[in-house]
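So the chains spell out like this:
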Amino acid sequence: MNYLQLALEESFLSIGISRPNPAVGAVVVKDGIIVGKGRTQRPGSAHAEVMALRDAGECARGAAIYVTLEPCCHYGRTPPCTKAIIDAGVKEVYFAHADPNPVVRGNSRKILEEAGIRVFEGVEACIAASFEEADDGDCGSGCRVFGYDASGRTAGNPEPRAGVGMRPQSELEIEGRSVFAEIERYFEAYDYFVRNKVTFVEVKCAVSESGCMGVARPDGSHAPLRITGQGANCWNHELRAMSDAVLVGAGTLLADNPSLDVRYARGNNPVKVLWAGHREFTPEEARGLKMFQAGATLVFSYVPQQAFAACDGIEVVVLTSGDFSSGWREMLADLSRRGMHRLMVEPGATLAHLLFENPAGDARDVIGDAPENRPLWNRLDLWHSTDGRVEDVIDGGEGGPSLTPLAFPGVPSGAVARESAMLGHDVLTVYYPS
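The structure contained in this document is the topic of the report that follows. This structure is a prediction, so every number in the text was calculated from the model and none was measured. (Residues numbered from 1 in each chain as written. Predicted model: local features only at pLDDT ≥ 70, side-chain atom pairs only at ≥ 80, totals over all residues. Heavy atoms only, no water.)

### Looking at the environment of S420
Here S420 is to be found in strand β16 (residues 416-423). Assessed through its relative accessible area of 55%, S420 is described here as exposed. Each C-alpha atom, one on S420 and one on D381, is 9.5 Å from the other, the two residues being 39 residues apart in sequence. Contacts of S420, omitting those with residues within four sequence positions, involve L428 and T429. (Helix = DSSP H or I, 4+ residues; strand = E, 2+ residues; numbered from the N terminus. Buried < 20%, exposed > 50% of the residue type's maximum accessible area, 1.4 Å probe, protein only. Contact = heavy atoms within 4.5 Å.)

Here is the structure:
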């Protein structure tokens, strides 16, 4: 196990609560025992470090604190966390990710070290945060595929860990580096938001062996279709848990009727977002959709949506821009004003085509850093199924021969593959704009 992994899991429960502040987790450890845990509260309330120190009480004196993000060192709506750490008598600080805020970056370490506190950061801190634990078969948060699972495998490192007992130093280092990579990925959206003041868009697509990402009935309506297996589905729920909001288009909503909740991972449900486009929903459709039954929901539409007027928790934003690219950026500006760092997009074939085939969605020849020059997405998580099950459905198995496959538009031109992994029969490739 790893203390910074535990701090990261704590931070997931702060997503949607701490916004627009980053969701941070912290644990306090003394003599190998976790004596305090904490996560960032609502703006103006305590940060993760203060919550963990309060939880530890007097046990914090002489202890170590493990924090996912560099502690703040300036007065804002709350006093600096560096002051709370010093006042508590902590002797060591381990933080995984440097804060991109120039007011904080590097200054916190200097302040803490001047107070006589040892400070470890980045991958060094994550490696040092690894600790031995009896293997009782419990993977902690249940479904975990971003990092280590119960057998010690990771998506990027499929070799199982060594047997029970003291693991080799090299394996502790592998685990620490895996945790560091996971935390870096977690804060990717926050870093982008701080630097650009724009919500980070992460797109998740699933494609069958033949390149199909959906099916249509003879009347043109989209039918539900499951492409990936349970491992990829767990991964999908973890991504939902680390996102401020999750978006689907009208076609996906009507075909799959998803709840868009987090069920296979530990974390809060994201805000649900519907890209309605020009599709006007009827009251009957609105009443039967799971997405609108619980939790906050935003609907972005080019037309008024009277069907949602009497629904609690649903806010309709009518877009003023004419074309898709401008409307999408208008939506992102709205989400950015709400302080949302990461938007997860689960598109069907229609929305995927708009995102990737639109000139603004192309990853080539991006000139300058102005908003209108950026692609419409920031990260593409593309799952490819290899089991052939979807092809059997299209060929007349479960769904009948009248289903028409809806093709994936293809990886945007100029996109660069950065990562790959395999879970069961499903292969994940991660792309970024060049």
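### What to know about the environment of T350
Here T350 is to be found in helix α12 (residues 349-357). Once the C-alpha coordinates of T350 and F408 are considered, the two residues, 58 residues apart in sequence, prove to be 9.1 Å apart.

### A few points about the sheet that holds strand β8 (residues 222-223)
Through backbone hydrogen bonds, the strands of a sheet pair up, either in parallel or in antiparallel fashion. Judged by pairing direction, the sheet is antiparallel, and its three strands sit side by side in the order β8-β7-β15 without closing on themselves. Of all strands in the sheet, those with a lone pairing partner are β8 and β15 (404-407), marking the two edges. As paired elements, strand β7 (residues 212-216) and β8 share two bridges and run antiparallel to each other. If you follow V215 over to β8, its bridge partner there is A223. Running at roughly 25° to β15, α12 makes contact with β7, β8 and β15 of the sheet. (Pairing = 2+ DSSP bridges. Axes fitted to C-alpha atoms, helices over the stretch in contact; angles between N-to-C directions.)

### Concerning the packing of aromatic side chains
Summed over the entire model, instances satisfying the criterion amount to 17 aromatic pairs. Here F356 and F408 contribute two aromatic rings whose centre-to-centre distance is 6.2 Å and whose plane-to-plane angle is 70°, an arrangement assigned as edge-to-face. You can see F356 sitting in helix α12 and its partner F408 sitting in the loop between β15 and β16, a full 52 residues away along the chain. What makes F408 buried here is its relative accessible area of 14%. Across the ring face of Y264, the terminal group of R263 is positioned such that the distance to the ring centre comes to 5.7 Å. R279 extends its terminal NZ or CZ atom over the ring of F281, reaching a point 5.2 Å from the ring centre. (Phe/Tyr/Trp six-rings, centres within 6.5 Å; stacked < 30°, edge-to-face > 60°. Lys NZ or Arg CZ within 6 Å of the ring centre and 35° of its normal.)

### Re the side chain of E70
Here E70 shows up in the loop between β3 (64-69) and α3 (81-88). Here the side chain of E70 touches D99 through a polar contact of 3.0 Å, landing on its backbone nitrogen. Leaving out residues up to four positions away in the same chain, E70 has contacts with F95, H97, A98, D99, V104, R105, G106, N107, S108 and R109. (Polar contact = N/O pair within 3.5 Å; in protein donor to acceptor, adjacent residues only side chain to side chain.)

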